[in-house]
Protein chains: 2
Amino acid sequence: MSTARPTIYDVARRAGVSKSLVSLVLRGSDRVSAASRTAVEAAIQDLGYRPSRAATDLAAGRTKLVAVLIDDYANPWFVELLRGLGQVLDPEGYRLTVVDSASAGHGLDPVEGLLSMRADGVVLACDVPARLAEAAASPIVIAGTRAETVDGADASALDAVANDDRTGARLAAEHLVGLGHRRIGHLAAGSGAARARAESFVAAARSTGADVIATDYSGPATEAAGLHSALKLLTEHPDITAVFAANDMMAIGALGAARDLGIDVPAELSIVGYDNTPLARTHLIGLTTVDDSGFGVGREAARLLLARLAGGDAENVTRTLQPSLVVRGTTAPARRS
Amino acid sequence: MSTARPTIYDVARRAGVSKSLVSLVLRGSDRVSAASRTAVEAAIQDLGYRPSRAATDLAAGRTKLVAVLIDDYANPWFVELLRGLGQVLDPEGYRLTVVDSASAGHGLDPVEGLLSMRADGVVLACDVPARLAEAAASPIVIAGTRAETVDGADASALDAVANDDRTGARLAAEHLVGLGHRRIGHLAAGSGAARARAESFVAAARSTGADVIATDYSGPATEAAGLHSALKLLTEHPDITAVFAANDMMAIGALGAARDLGIDVPAELSIVGYDNTPLARTHLIGLTTVDDSGFGVGREAARLLLARLAGGDAENVTRTLQPSLVVRGTTAPARRS
């Protein structure tokens, strides 16, 4: 099959060497003999082989790569964030790559993982890791409401974009109270965003005279955590008629708990999540949830990053986008008791 | 707060410059005046500042980074693959990063995105992109059953690890036929893995005399595709009592379709997925599915990659791991008609 553009295989064949050896020459390795190098260089010349665009960027010291650090691949809240980032960064020729804190390497600071890939920019979509400061060779933008760690990190010195978690949690409280729920559970979790949601939800619901029973769990907001917290909460407080979960994953855990306990959702129990993940939007789950504007947060974060990459050295910017409530099938009016 | 190890902030303070300027010096930028450079270098010397481990690897021309290319972040089948890769690569000091074909950049070959991050190794966990050959500066391992594209790519020249999709699909067929189902639907999709599963499932079920009606959809295996395919299939063939979907996402779509049509799962309709994703394992969904040995595939792929990184130049290896059936709550004996 003949193609217009010569490939690395064509170069190898012409030079009478292996493809791996051509790669080594292209990378400037010193493991190549002078004779081989000359043969490869002659073949590149003869064939008019052009290194790829990526190789050209590399030679110019740019990676055109933006790295996104997340907590957990199993929680797909970050999918919309990536779409928003991509919409702004794609036309500028940047590519996105995702690292989770766990994959960063056992016992290694996740930020070292980001550094090692020479990203031109970094989006932190998880609680801010310690020793963040050391990574600041590349511009960093924080996406989402994040707990600030200490130990050398100074998150307030960074650009940040988040949805307004306090407003979002208040929308959830107003929705449930508006449906007549007076005894409401909250499934708490430990992240910065989860804590902001809990505080605002409890305050907003109590201000209307509703009873709120919040769990004291402070670990990661996973489906399993939601299942176990909800089983305990609903068993100990069978008079609860509505639950607000720290995020969609925990809400999906709560849906599983309700099924186990034979509690009909939404007839007997309303459940609200947070994030409007792809899971909440599935036809099967159809979860009432707060949309955290992930797409908009991604677009804004990308714009701030581009401004820094263009050499902007202005004051740090903090932007807040408004969340919205998405009512689906897991909430309904409270039954009269 | 005093810490044993000096940070980039300490260097900046000592040199009387901004942290960004220290970063520029560390990166060897030519945008720094000679005077500033001297001041920063003196501060580094005085404080005994050590660049991080990542910076040290970079200086040695290693990134210690392994990039994983996937299709779609919303389908969490790759989460177990990453866990398996991490178990082997973590102790060796490698970090993992994930790129999806979409994030690779509009109109760009995803492989260019991988190249640009200078990964030491690449795991392809999606159908093999065109022009793969050009990326072969780093060792590549294919994870999963993949369609081989043409246009210069020669996937058979790469190491590959996959679960045996043909055996997995046969296990699904035997399970459904064993439960007495005689009229079975299959929700097809377009990937290499989906096609292998479809062929084997249809052959195995038909060999027992069962009727199989397969859809002719050939796009991505998403939840929405599963929903629409299943709505059409179950409406046109109301006598179907069991459905095997190309993957878990499509099976979740089929569960939504069954609910819409008022068909009780599993009493009236059994549904089997493929992959044993975190979603299939949620308490709420509890999907009967084929476990694709993602963890084991990840471990094997990591071992093959390490062998290549150690300079192995042996014949290409293809490994196949055995899948297993995981029976949960979405399958049951066929009702007598």
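As the structure is a prediction and not an experimental result, all values here were calculated from the model.

Thresholds, definitions, all that
Residues numbered from 1 in each chain as written. Chains lettered and ligands numbered in written order. Predicted model: local features only at pLDDT ≥ 70, side-chain atom pairs only at ≥ 80, totals over all residues. Heavy atoms only, no water. Pairing = 2+ DSSP bridges. Helix = DSSP H or I, 4+ residues; strand = E, 2+ residues; numbered from the N terminus. Right-handed = clockwise from strand over helix to strand, strands pointing away. Axes fitted to C-alpha atoms, helices over the stretch in contact; angles between N-to-C directions. Contact = heavy atoms within 4.5 Å. Salt bridge = Lys/Arg side-chain N within 4 Å of Asp/Glu carboxyl O. Core = buried A, V, L, I, M, F, W, Y, C linked by side-chain atoms within 4.5 Å. Buried < 20%, exposed > 50% of the residue type's maximum accessible area, 1.4 Å probe, protein only.

## What to know about the pairing of strand β7 (residues 211–214) of chain B
The side chains of a regular strand alternate between the sheet's two faces.
All names here are of chain B.
(1) Moving on: Alignment of strand β6 (residues 183–187) against β7, held across 4 bridges, turns out to be parallel. When the bridges of β7 are listed, R183 appears paired with D211.
(2) Moving on: You can see the chain leave β6, run along helix α8 (residues 192–206) and come back into β7, and the turn it takes is right-handed.

## Concerning the sheet that holds strand β8 (residues 242–245) of chain A
Strand pairing in a sheet takes place through backbone hydrogen bonds and is either antiparallel or parallel in direction.
All names here are of chain A.
(1) Moving on: Taken in spatial order, the 6 strands of this open sheet run β7-β6-β8-β9-β10-β12, and their pairing is mixed. Each edge of the open sheet carries a strand with a single partner, namely β7 (211–214) and β12 (324–326). On average, adjacent strands in this sheet sit at an angle of 20° to one another, irrespective of strand direction.
(2) Moving on: In this structure, strand β10 (residues 288–291) lies alongside β12, joined through 3 bridges in antiparallel fashion. By the bridge assignment, V290 is partnered in β12 with L325.
(3) Moving on: Of the strands in this sheet, β6 (183–187), β7, β8 and β9 (270–275) touch helix α8 (residues 192–206), which is tilted by about 160° from β7.
(4) Moving on: Packed on one face of the sheet, helix α9 (residues 223–236) meets β6, β7 and β8 and runs near 150° to β6.

## Examining the pattern of salt bridges
(1) Moving on: Under the counting rule described, the total for this entry stands at 30 salt bridges over all chains.
(2) Moving on: Between E300(A) and R319(A) there is a salt bridge, with its nearest N and O atoms 2.6 Å apart. Residue E300(A) is located in helix α12 (residues 294–309), and its partner R319(A) is located in strand β11 (residues 318–321); the two are separated by 19 residues in the primary sequence.
(3) Moving on: For the salt bridge of R14(B) with D46(B), the shortest nitrogen-to-oxygen distance reads 3.5 Å. Here the residue R14(B) occupies a position in helix α1 (residues 8–15), and D46(B) occupies one in helix α3 (residues 34–47), the gap between them amounting to 32 residues.

## Examining the nonpolar core
(1) Moving on: Residues L187(A), V243(A), I271(A), I285(A), L187(B) and M250(B) are the most contacted members of the largest nonpolar core, which totals 57 residues.
(2) Moving on: For this core, the secondary-structure elements that each account for two or more residues are α9, β8, α10 (248–260) and α11 (278–281) of chain A together with α9 (223–236), β8 (242–245) and α10 (248–260) of chain B.
(3) Moving on: Core analysis: the next-biggest nonpolar cluster, separate from the first, contains 51 residues, Y73(A), V98(A), A143(A) and V68(B) among them.

## Focus on the sheet that holds strand β9 (residues 270–275) of chain B
Residues and elements named next belong to chain B.
(1) Moving on: Here 6 strands make up an open sheet; going across it, the order is β7-β6-β8-β9-β10-β12 and the pairing mixed. The open sheet terminates on both sides in strands that have one partner only, identified here as β7 and β12 (324–326). Each neighbouring strand pair of the sheet contributes to a mean axis angle of 20°, computed without reference to strand direction.
(2) Moving on: Across the sheet, α10 lies against β6, β8, β9 and β10 (288–291), angled at about 155° from β9, the strand it touches most.

Limitation: the analysis is restricted to geometry and does not speak to function.
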